[in-house]
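Spelled out, the chains give:
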Amino acid sequence: SAVISQKPSRDICQRGTSLTIQCQVDSQVTMMFWYRQQPGQSLTLIATANQGSEATYESGFVIDKFPISRPNLTFSTLTVSNMSPEDSSIYLCSATGGHYGYTFGSGTRLTVV
Amino acid sequence: DAKTTQPTSMDCAEGRAANLPCNHSTISGNEYVYWYRQIHSQGPQYIIHGLKNNETNEMASLIITEDRKSSTLILPHATLRDTAVYYCIVRLPQGDEKLVFGKGTKLTVNP
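Values in this document were obtained by computation on a predicted structure and should not be read as measured data.

(A) Here's a closer look at the overall build of chain A. A count of helices and strands for chain A gives 0 helices and 11 strands. For 113 residues, the compact-globule estimate of 2.2 N^0.38 gives 13 Å, and the C-alpha radius of gyration of chain A, at 13 Å, lies within 12% of that figure. The principal-axis extent of the C-alpha atoms belonging to chain A is close to 40 × 25 × 20 Å. Scored against the burial criterion, the 113 residues of chain A give a buried share of 52%. Excluding contacts between residues fewer than 6 apart, the proportion of contacts in chain A whose partners are at least 24 apart in sequence is 52%. Accessible surface computed for chain A: about 5,300 Å², of which carbon and sulfur atoms make up 48%.

(B) Molecular detail of the state of the cysteines. Enumeration over the complete set of coordinates arrives at 2 disulfides over all chains. Two residues share a disulfide in this structure: B:Cys22 and B:Cys88, whose sulfurs sit 2.1 Å from each other. Since a negative S-S torsion denotes a left-handed disulfide, the B:Cys22-B:Cys88 link at about -80 degrees is left-handed. Separated by 66 residues along the polypeptide, B:Cys22 in strand 2 (residues 18-23) and B:Cys88 in strand 8 (residues 84-91) bring together distant segments of the chain. Judged by relative accessible area, which is 1%, B:Cys88 ranks as buried. Not engaged in a disulfide, the cysteine A:Cys13 finds its nearest cysteine sulfur in A:Cys93; these two sulfurs lie 17 Å apart.

(C) Region of the structure containing the interface of chain A and chain B. Between chain A and chain B, the contact holds 19 residues from the first and 22 residues from the second. Summing the contributions of chain A and of chain B, the shared interface buries around 1,600 Å²; its carbon and sulfur component is 52%. For the pair chain A and chain B, the interface holds 1 salt bridge. Where A:Glu58 meets B:Lys98, a salt bridge forms, and the shortest distance between an N and an O atom there is 3.0 Å. In this assembly, chain A and chain B are joined by 5 residue pairs in polar contact (both at pLDDT 80 or more). Of all the elements, strand 4 (residues 32-37) of chain A adds the most residues to the side of chain A that touches chain B, at 3 residues. Of the residues in the side of chain A that touches chain B, the class split is 9 nonpolar, 8 polar and 2 charged.

(D) Seen up close, the sheet that holds strand 3 (residues 19-25) of chain A. Residues and elements named next belong to chain A. Read from one edge of the open sheet, 4 strands run 1-3-8-7, paired in antiparallel fashion. The open sheet terminates on both sides in strands that have one partner only, identified here as strand 1 (4-7) and strand 7 (68-72). Mean inter-strand twist for the sheet, computed between neighbouring axes without regard to direction, equals 15 degrees.

Cut-off values and rules
- Residues numbered from 1 in each chain as written.
- Chains lettered and ligands numbered in written order.
- Predicted model: local features only at pLDDT ≥ 70, side-chain atom pairs only at ≥ 80, totals over all residues.
- Heavy atoms only, no water.
- Helix = DSSP H or I, 4+ residues; strand = E, 2+ residues; numbered from the N terminus.
- Rg over C-alpha atoms; globule rule 2.2 N^0.38 Å.
- Buried < 20%, exposed > 50% of the residue type's maximum accessible area, 1.4 Å probe, protein only.
- Contact = heavy atoms within 4.5 Å.
- Areas by Shrake-Rupley, 256 points an atom, 1.4 Å probe, with all protein chains shown as cover.
- Disulfide = S-S within 2.5 Å.
- Buried area = accessible area lost by both parts, 1.4 Å probe.
- Salt bridge = Lys/Arg side-chain N within 4 Å of Asp/Glu carboxyl O.
- Polar contact = N/O pair within 3.5 Å; in protein donor to acceptor, adjacent residues only side chain to side chain.
- Nonpolar A, V, L, I, M, F, W, Y, C, P; charged D, E, K, R; others polar.
- Pairing = 2+ DSSP bridges.
- Axes fitted to C-alpha atoms, helices over the stretch in contact; angles between N-to-C directions.

As structure tokens, this is what we get:
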């Protein structure tokens, strides 16, 4: 299955700033996804990162807040914009593994102060 | 919304079998049951999946009832490293099908 490198692994950011998280896959994959995991909670899907077109966002998530890029089949970025303390979470990317499921990055632990 | 129901937490003694149940009464005929786990501070890890037959791999066994409305993940000899949150997910096998996580079961393996 694919191996995902995600960075940064953690960051502490000032409110009102933006952070871009990078996700690199070691092989070409069809689908990539971005998740948020708030403290003590399960994973919530933010959006599907589509190669060559705009991302598909889930209910409650908007492009202005979480712009996503997917320039090719191995790379994607998620930006958390105009951050507030409520954005403090773990952000994870995942890539399709086809029939056998998905692979996940190790996550980015974001703290907004 | 997640299509599965799992107990919030379970405990298991080290070396004993851990049996994690999952209810998925609305599963459709072509949906598979997938299990993932998330060890603290890591991304979720694929464990096993099945359609209607029992499955076994090097990590676990999956028992699916005949009516497919429930399943059980079995870790035959739990170790302390198996302490994690275990997620049961129902999905189609297509590669573009997104994963929707429920709340999962927090399994604690005790020495």
